[in-house]
Amino acid sequence: MILDTLDNLHKYVALNPRIQKVVDFIRENDLKAVPQGKVKINGDDVFGNFQTLKGKTREEAKLETHNVMLDIQVPFNTAETMGFTPRKDLPETPYDADNDITFYEGLAEQYITVRPGEFAIFLPQDGHAPCIGEGKEIQKVIFKVKI
């Protein structure tokens, strides 16, 4: 898991060259003005899911992992708390290959707060529970980048 400011996102292109497409998209677009829904940036290899979601409690938020895509999660109207547990510490659970997701029961081991102007990257080894912010309406984009 990585937490940093959007100004530094370009420094993480070394993790995956496709991240450059996300950096370019953010430079060229006002994230708050992009319509809700899926926006393809580079076919199925890089896209953004623009969403407005009701904030959850820690108990309501589900831990998840992905095998094929990494997440770059960017809240842009309010701070969002996200849970984190290393995948190696999570139980064996069935993988949904059609949606590239595994869900897990239980609470995360740690929590971070991601503020507007920041991002969190979750790699396949990172269990994460997004959208924690009870009573908040969270506007965000989740950039999905093929590993």
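Check the entry above for the structure.
All values derive from a computational prediction rather than experimental measurement.

## Topic: unusual backbone geometry
One non-glycine residue with positive phi stands out, namely Asp100, at about 50 degrees. Relative to the helices and strands, Asp100 resides in the loop between strand 6 (80–86) and strand 7 (102–104). By relative accessible area, which is 8% here, Asp100 ends up buried. The backbone of Cys131 sits at a positive phi, close to 70 degrees, despite the residue not being glycine. In this fold, Cys131 is placed in strand 10 (residues 126–132). On the basis of relative accessible area, Cys131 is assigned to the buried category, the value being 4%.

## Some remarks on the environment of Tyr12
The residue Tyr12 is located in the loop between strand 1 (2–5) and helix 1 (19–28) in this model. C-alpha separation for the pair Tyr12 and Lys88, spaced 76 residues apart in sequence, amounts to 23 Å. When near neighbours in sequence (up to four residues on either side) are disregarded, Tyr12 contacts Ile2, Asp4, Ile19, Phe119 and Ile121.

The rules behind the values
Residues numbered from 1 in each chain as written. Predicted model: local features only at pLDDT ≥ 70, side-chain atom pairs only at ≥ 80, totals over all residues. Heavy atoms only, no water. Helix = DSSP H or I, 4+ residues; strand = E, 2+ residues; numbered from the N terminus. Buried < 20%, exposed > 50% of the residue type's maximum accessible area, 1.4 Å probe, protein only. Contact = heavy atoms within 4.5 Å.

In short, shape yes, function no, at least from these values alone.
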